[in-house]
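# Structure at a glance
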Amino acid sequence: QSALTQPASVSGSPGQSITISCSGTSSDVGANNYVCWYQQHPGKAPKLMIDDVSNRRSGVSNRFSGSKSGNTASLTISGLQAEDEADYYCSSYTTNNIWVFGGGTKLTVL
Amino acid sequence: EVQLLESGGYLVQPGGSLRLSCAASGFTFSNYAMSWVRQAPGKGLEWLSAISGGGDSTHYADSVKGRFTISRDNSENTLYLQMNSLRAEDTAVYYCAKGLYKWNSQNDYWGQGTLVTVSS
């Protein structure tokens, strides 16, 4: 099972919006609505931000939103803040009943 | 408060074995699936394995199938990962994570990880 494809890095200025894409196949992202997004700050454990494509977890800012179209999922962060600077990983359930992660995207807030 | 505490990470020689443990507290352990995820130094996350709440269903990534075995002791609220035939590329921080549901699902709580180093 290949990893999902994410851009290695994205950047934006405070207050701006950015979108991170997560490209998969009809065997993972396109196969179901079990796509989620994790945020990881350096030296910390991952934190689940979005599950089931677009469900924001309790306590997560409404500046974070998820969506999916076909085999590609997306995470949008609006009103960028310095604290959003982190690595972001998408993950999808697959038709083989396992999970696969994207390679991760480093978000830099300029 | 949900807490997950991994242990058992160590320096081991190639070809060796190691068993990781994850002590869980703050939730009804048997009601949730559990997973192991690893992160090699400076690299991304890699899903390894998951086990259902009752322990009757397990799943593995191809990279560890046949070498790693996930198990759980619901009476002790502990998750395990038995790792055999270890290779240099298995060097990573290993995280245990709690599933959202009793079946293989997304993970809402993670431990702080335990470092496994495979080197001669």
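Note: the structure precedes this text.
The following paragraphs examine the structure supplied in this document.

This part covers the interface of chain B and chain A. The interface is formed by 21 residues belonging to chain B together with 21 residues belonging to chain A. Buried surface at the junction of chain B and chain A, summed over both partners, amounts to about 1,600 Å²; 57% is from carbon and sulfur atoms. If you sort the residues of chain B by the area they bury against chain A, L45(B), W47(B) and Q106(B) come out on top, with a joint share of 38%. On the surface where chain B and chain A come into contact, there are one salt bridge. Applying the counting rule to chain B against chain A returns eight residue pairs in polar contact (both at pLDDT 80 or more). Here the residues of the side of chain B that touches chain A are counted per class, giving eight nonpolar, nine polar and four charged.

Right, let's get into the side chain of S35(B). Residues and elements named next belong to chain B. Relative to the helices and strands, S35 resides in strand 4 (residues 34–39). Given the relative accessible area of 1%, S35 is considered buried. Polar contacts involving the side chain of S35 include one to the side chain of N107, which spans 3.4 Å. Those residues within four positions of S35 in sequence are excluded, and the remaining contacts are W47, S49, A50, L79, Y95, C96, A97 and N107.

Residues and elements named next belong to chain B. Most of strand 5 (residues 45–51) is tucked away, with six of its seven residues classed as buried. Two successive antiparallel strands, strand 4 and strand 5, enclose a turn made up of five residues, where G42 displays a positive phi of approximately 70 degrees. Here three bridges tie strand 5 to strand 6 (residues 58–60), and the two strands are oriented antiparallel to one another. Counted as the bridge partner of I51 is T58 from strand 6. As consecutive antiparallel partners, strand 5 and strand 6 are separated by six residues, and within that stretch G55 has a phi angle of approximately 80 degrees, a positive value.

Parameters at a glance
Residues numbered from 1 in each chain as written. Chains lettered and ligands numbered in written order. Predicted model: local features only at pLDDT ≥ 70, side-chain atom pairs only at ≥ 80, totals over all residues. Heavy atoms only, no water. Contact = heavy atoms within 4.5 Å. Buried area = accessible area lost by both parts, 1.4 Å probe. Salt bridge = Lys/Arg side-chain N within 4 Å of Asp/Glu carboxyl O. Polar contact = N/O pair within 3.5 Å; in protein donor to acceptor, adjacent residues only side chain to side chain. Nonpolar A, V, L, I, M, F, W, Y, C, P; charged D, E, K, R; others polar. Helix = DSSP H or I, 4+ residues; strand = E, 2+ residues; numbered from the N terminus. Buried < 20%, exposed > 50% of the residue type's maximum accessible area, 1.4 Å probe, protein only. Pairing = 2+ DSSP bridges.

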